[in-house]
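Summary of the model geometry
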Amino acid sequence: GNSVTQMEGPVTLSEEAFLTINCTYTATGYPSLFWYVQYPGEGLQLLLKATKADDKGSNKGFEATYRKETTSFHLEKGSVQVSDSAVYFCALLRRGSQGNLIFGKGTKLSVKP
Amino acid sequence: EAGVTQFPSHSVIEKGQTVTLRCDPISGHDNLYWYRRVMGKEIKFLLHFVKESKQDESGMPNNRFLAERTGGTYSTLKVQPAELEDSGVYFCASSRDTSQETQYFGPGTRLLVL
């Protein structure tokens, strides 16, 4: 079946540290891949996406590359800020589906000053 | 452009009671989705409307859940009677077109069943 596995949290980093949140997926065909972020007290926001192999999504200093050979879509940021503290969700959308996103469990990131 | 809104933001009810959640999608978005996140678990798809029609309700847990979207605008999700395991955060999302379009999420409704 289709599923998303992302690293367990919580992740605690100091400001300006390097961030990696791992995400791997299992899917039939070639899905689109997404990272959503949920800041405290807010809803889910699309952070970035990639729709085909080797695409790189980027936004707000975050990047993730669609790796078909390793079925991965790891989220990275070179220098995190306190304002990046949030829960990050990796998700896939199976091509040809009606739009049902399949999510990972979420990874809570806390950035300390 | 206003985003997706949900009401209420929080609801605390007792087991056996009824609760109705409301979602207002972004204006002009024909597609409306409901998702749920039970504590510590994945966000799971519940159902999908295209305008007023249910396109896919394969994620609805059981017949205690009833979703409607009369007129193809806002949607309601009713839980009757509520059980303890229904506690969680219920998210609504909308998109303009089907399939590969970005889904925009609301802030969610936090439901606690005691």
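The structure this text deals with has already been given above.
The present account deals with the structure reproduced in this document. Model, not experiment: these values are computed from the prediction.

Rules used in this analysis
Residues numbered from 1 in each chain as written. Chains lettered and ligands numbered in written order. Predicted model: local features only at pLDDT ≥ 70, side-chain atom pairs only at ≥ 80, totals over all residues. Heavy atoms only, no water. Contact = heavy atoms within 4.5 Å. Buried area = accessible area lost by both parts, 1.4 Å probe. Salt bridge = Lys/Arg side-chain N within 4 Å of Asp/Glu carboxyl O. Helix = DSSP H or I, 4+ residues; strand = E, 2+ residues; numbered from the N terminus. Nonpolar A, V, L, I, M, F, W, Y, C, P; charged D, E, K, R; others polar. Phe/Tyr/Trp six-rings, centres within 6.5 Å; stacked < 30°, edge-to-face > 60°. Buried < 20%, exposed > 50% of the residue type's maximum accessible area, 1.4 Å probe, protein only.

Comments concerning the interface of chain B and chain A
- The interface is formed by 20 residues belonging to chain B together with 21 residues belonging to chain A.
- When chain B packs against chain A, the two sides together hide about 1800 Å² of surface, and 50% of this comes from carbon and sulfur.
- The interface formed by chain B and chain A includes 0 salt bridges.
- Contributing elements (two or more residues each) for the side of chain B that touches chain A: β4 (31-37), β5 (43-50) and β6 (53-56) of chain B.
- For the side of chain B that touches chain A, the class distribution of residues is 7 nonpolar, 8 polar and 5 charged.

Regarding the packing of aromatic side chains
- Taken as a whole and assessed by the stated rule, the structure comprises 12 aromatic pairs over all chains.
- For the pair F89(A) and F103(A), a centre-to-centre distance of 6.2 Å together with 90 degrees between the ring planes defines the contact as edge-to-face. Here F103(A) lies in strand β11 (residues 102-103) and F89(A) lies in strand β10 (residues 86-93), a separation of 14 residues in the sequence.
- For F89(A), a relative accessible area of 0% puts it in the buried group.
- A relative accessible area of 3% means that F103(A) is categorised as buried.
- Judged by centre distance (6.0 Å) and plane angle (80 degrees), the ring pair of F103(A) and F105(B) falls under edge-to-face. Of this pair, F103(A) sits in strand β11 while F105(B) sits in strand β10 (residues 104-105), which puts the two residues in different chains.

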